[in-house]
Amino acid sequence: MAEAWVLDASPFILFARIGRLDILRDISPTIIIPTAVIREVRSGISNDPTANAALDWGMPFACDDVTLPASVASWDLGTGESQVIAQCAGNVRWAVLDDRMGRRCAAAHDVPVIGSLGIILRAKKSGLIDVAGYWVDQLRTHGMYMTDELVKQVLSAIGE
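First, a word on what this report is: a plain description of the structure on this page. (Residues numbered from 1 in each chain as written. Predicted model: local features only at pLDDT ≥ 70, side-chain atom pairs only at ≥ 80, totals over all residues. Heavy atoms only, no water.)

### Side note on the pattern of salt bridges
Here the structure, examined in full by the defined rule, presents 5 salt bridges. Between Arg140 and Asp148 there is a salt bridge, with the nearest N and O atoms lying 2.6 Å from each other. (Salt bridge = Lys/Arg side-chain N within 4 Å of Asp/Glu carboxyl O.)

Dropping the structure here:
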């Protein structure tokens, strides 16, 4: 079975901002976006001109929210992160999350996780992009926090 990715708002918005939502689709043949995430992105339309483009792209992948297991709800995450993890738990799905607590909750539920940085690395490895460093800089410019040390370590590990 092909791997499915359940997108949280942060990576979804970031890839819209850098104009590379195509990378998400090209790497994962199955994309799922919980309604809670759609609502979060929609709530930012007045502050972020790329939100409309993100929603136009993402609506075909929207799915209904599910009942949160108590083990997910107890983490007190945002509704989007909670829905992403709940959609993945017990399924063959990856949580696409950048939020640290969301990633910890996913790990506690044995849910595999990939974040925006990991997506860029996969895109480079698969030949979708030639240089990861440029796209990492774009993510940072458009709102993703990564320490300089982390960026150096990751880019060094892939020979950039």
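### Describing the side chain of Asp8
Relative to the helices and strands, Asp8 resides in the loop between β1 (4-7) and α1 (9-17). One buried charged residue, Asp8, forms no salt bridge at all, with the nearest opposite charge on Arg103 at 9.3 Å. Contact partners of Asp8, with chain neighbours within four places excluded, come to Val37, Glu40, Gly80, Glu81, Val84, Val96 and Leu97. (Helix = DSSP H or I, 4+ residues; strand = E, 2+ residues; numbered from the N terminus. Buried < 20%, exposed > 50% of the residue type's maximum accessible area, 1.4 Å probe, protein only. Lys, Arg positive; Asp, Glu negative; His and termini not counted. Contact = heavy atoms within 4.5 Å.)

### Points about the layout of surface pockets
Roughly 420 Å³ of internal volume is contained in the largest pocket. As for the largest pocket, its lining consists of 17 residues, of which Asp98, Met144, Tyr145, Met146 and Leu150 are closest to the centre. Within the residue set of the lining of the largest pocket, elements represented by two or more residues are α7 (100-108), β5 (113-114) and α8 (116-125). For the lining of the largest pocket, a count of residues per class yields 8 nonpolar, 6 polar and 3 charged. (1 Å grid on protein atoms, 1.4 Å probe; cavity = no way out; pocket = protein on both sides within 12 Å on 5 of 7 lines; lining within 4 Å. Points joined across faces, edges and corners; volume = space filled by probe spheres on them. Nonpolar A, V, L, I, M, F, W, Y, C, P; charged D, E, K, R; others polar.)

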